[in-house]
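Here is what each chain is made of, one letter per residue.
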Amino acid sequence: MNITEEDPILIILFNVALYDYFMNLLKKESYKIFIVQNTNDAFQILENNKPKLVICEHHFPELDGIDFLKNVKDKYPDVIRLMLSGTKEFEILARIINECEIYNILLSSGSSEEIKKIINMAVNKYNYLERYNTKNIEISHKNVELETLNIHLEERFYEKTSLLIKAKKELEEANLNLKNNLDHLSAVSTERDMLYNDLQRSYVDTLYGLVNAIEAKDAYTRGHTERVEKIVSCLADKIFLSEHDKIILKYAAVMHDIGKIGTDKSLLIKPGKLNEEEFDIIKKHPLIGEKIIEPIRFLEETLPLIRGHHERLDGSGYPDGIKNGEISEMTRIIAVADVFEALTSDRPYRKAMAVEDAFCILDKEKDKYDLNIVGTLKEVINDEDYQPEYSK
């Protein structure tokens, strides 16, 4: 923890009953707490006491909590912002996140431990940024440009998703009519297939855009997805998978890290080792990726591969800690390809390893990885018809 007795936080509450709740929740923490009931007092404390964190109730009689946090963002952009809200409506949550650029939402239905953990993490984030901002001015400017691009991409994603859902509904209605008239509608059936293929391509194009947005956050992992896809395709050919399984494996390889779209970019480019809390955040990306892909019916067979690409045969992986026979062959293929590509690529915390050194690690950790697949990967890398970006 990086909390000191000089860490001031500001809490704006319309509901007086919450006063005692927050005082009891944080009484053992080393915070200087300011609790006010109106925005005038809040801005006075922001100006005079420089709080590191602002927590605001969503609904206020004099000013909407979203508008207030937007004003805080504009006037005091370095202050970490949290919204206390009981809503579960997606559009409202999206507006809070996008317009206020908050660190997180404190759901009123959440446990006290969860709320306290988020508050502590928010203050830690402020302290971390404060220490390193002076050394990263040039990077900060580039990150601002990148953040703008990410927001634009997210907006485009939401826009395209709405259009695709509408198109999918129209397509399902068309399919129902087609099933009732199959004998007389062969031409329409052909058109239906074309529309469905277009819909699939639209979904895939949108998801590719999300993958590119993730890799744009981190120069070190740019091209990671493409290289994993290439390795996986070669392994699938060597192992003689069916054409259907090759397609599923290809899509899963492309989407395996899509859950990192919501990961704080400071964690993705951190030059040192992640602490336990930071690693716990990173470990959520397989589950987030599964949730993103879950509504897309034709990609449902990729879900266990996306969820399980960090599982290990000895049960030491995540998120489920499954082992051996519980991990499918295709999931093992992606796991080996992913770790091999990571080892042989530059990362913020180390230079790329030589291919031979990477295979030594895979061989040494034989309890974690399928050695038959590792052996096939060696054949792929040494295949004269395969020209990887790694030196032999």
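Residues numbered from 1 in each chain as written. Predicted model: local features only at pLDDT ≥ 70, side-chain atom pairs only at ≥ 80, totals over all residues. Heavy atoms only, no water.

### Describing the sheet that holds strand S4 (residues 80-85)
Argument step 1. Reading across from one edge, S2-S1-S3-S4-S5 is the order of the five strands in this open sheet, with parallel pairing throughout. Edge positions in the open sheet fall to strand S2 (31-36) and strand S5 (104-107), since each of these has one partner strand only. Between one strand and the next, the sheet's axes are offset by a mean angle of 20°, whatever the strand orientation.
Argument step 2. Note: strand S3 (residues 53-57) against S4, five bridges, orientation parallel. If you follow isoleucine 55 over to S4, its bridge partner there is leucine 82.
Argument step 3. Where helix H1 (residues 17-26) meets the sheet, it contacts strand S1 (7-12), S2, S3 and S4, and its direction lies at approximately 175° from that of S2. (Pairing = 2+ DSSP bridges. Helix = DSSP H or I, 4+ residues; strand = E, 2+ residues; numbered from the N terminus. Axes fitted to C-alpha atoms, helices over the stretch in contact; angles between N-to-C directions. Contact = heavy atoms within 4.5 Å.)

### Let's talk about the side chain of arginine 312
Argument step 1. Residue placement: arginine 312 occurs in the loop between helix H13 (303-308) and helix H14 (329-343).
Argument step 2. Buried within the structure, arginine 312 lacks any salt-bridge partner; aspartate 338 is the closest side chain of opposite charge, at an N-O distance of 5.7 Å.
Argument step 3. A distance of 3.3 Å separates the side chain of arginine 312 from the side chain of tyrosine 369, its partner in a polar contact.
Argument step 4. Not counting chain neighbours up to four residues away, the residues in contact with arginine 312 comprise Gly317, Ile322, Lys323, Ile327, Ala335, Lys368 and Tyr369. (Buried < 20%, exposed > 50% of the residue type's maximum accessible area, 1.4 Å probe, protein only. Lys, Arg positive; Asp, Glu negative; His and termini not counted. Salt bridge = Lys/Arg side-chain N within 4 Å of Asp/Glu carboxyl O. Polar contact = N/O pair within 3.5 Å; in protein donor to acceptor, adjacent residues only side chain to side chain.)

### With respect to the confidence of the model for the chain
Argument step 1. Taken as a whole, the chain shows an average pLDDT of 82; of its residues, 80% reach a score of 70 or greater.
Argument step 2. By mean pLDDT, the top-scoring element of the chain is H13 (96), and the lowest-scoring one is helix H7 (residues 186-216) (60). (pLDDT = per-residue confidence, 0-100.)

### Side note on the pairing of S3
Argument step 1. In terms of residue burial, S3 counts as a mostly covered element, since five of its five residues are buried.
Argument step 2. Side chains of S3 alternate between two faces, with Leu53, Ile55 and Glu57 and Val54 and Cys56 buried alike.
Argument step 3. Relative to S3, S1 runs parallel, the two sharing four bridges. Within S3, the position partnered with leucine 10 by the bridge is valine 54.

### Brief notes about the pattern of salt bridges
Argument step 1. Going through the model one piece at a time under the given rule, you end up with 21 salt bridges.
Argument step 2. Ionic pairing is found between aspartate 67 and arginine 95, a salt bridge with its closest N-O pair at 3.8 Å. Of this pair, aspartate 67 sits in helix H3 (residues 65-75) while arginine 95 sits in helix H4 (residues 90-100), and the two are 28 residues apart along the sequence.
Argument step 3. Arginine 95 sits in the partly exposed class, given a relative accessible area of 35%.
Argument step 4. In this structure, arginine 95 and glutamate 99 form a salt bridge, with 3.1 Å as the shortest nitrogen-oxygen distance. Linking arginine 95 with glutamate 99, this pair stays in helix H4, spanning four residues, or about one helical turn.
Argument step 5. A relative accessible area of 26% means that glutamate 99 is categorised as partly exposed.
Argument step 6. Among the charged side chains, a salt-bridge network with shared partners connects Asp67, Lys70, Arg95 and Glu99.

### Brief notes about the packing of aromatic side chains
Argument step 1. For the coordinates displayed, the defined rule picks out five aromatic pairs.
Argument step 2. For the ring pair tyrosine 21 and phenylalanine 22, a centre distance of 5.3 Å and an interplane angle of 85° mean the geometry is edge-to-face.
Argument step 3. Since its relative accessible area comes to 29%, tyrosine 21 is described here as partly exposed.
Argument step 4. Residues phenylalanine 43 and phenylalanine 68 carry aromatic rings whose centres are separated by 5.3 Å and whose planes lie at 65° to one another, so their mutual orientation is edge-to-face. (Phe/Tyr/Trp six-rings, centres within 6.5 Å; stacked < 30°, edge-to-face > 60°.)

### So, the packing of helix H8 (residues 224-239) against helix H16 (residues 371-382)
Argument step 1. One can describe the packing of H8 onto H16 by two numbers: an axis separation of 10 Å at closest approach and a directional angle of 105°. Accordingly, the angle class assigned to the pair H8 and H16 is roughly perpendicular. For the pair formed by H8 and H16, the contact residues are Ile231, Cys234, Leu235, Lys238 and Ile239 on the first element and Ile373, Thr376, Leu377, Glu379 and Val380 on the second.
Argument step 2. Of the residues assigned to the contact of H8 with H16, the class counts are seven nonpolar, one polar and two charged. (Parallel < 35°, antiparallel > 145°, perpendicular 65-115°, else oblique. Nonpolar A, V, L, I, M, F, W, Y, C, P; charged D, E, K, R; others polar.)

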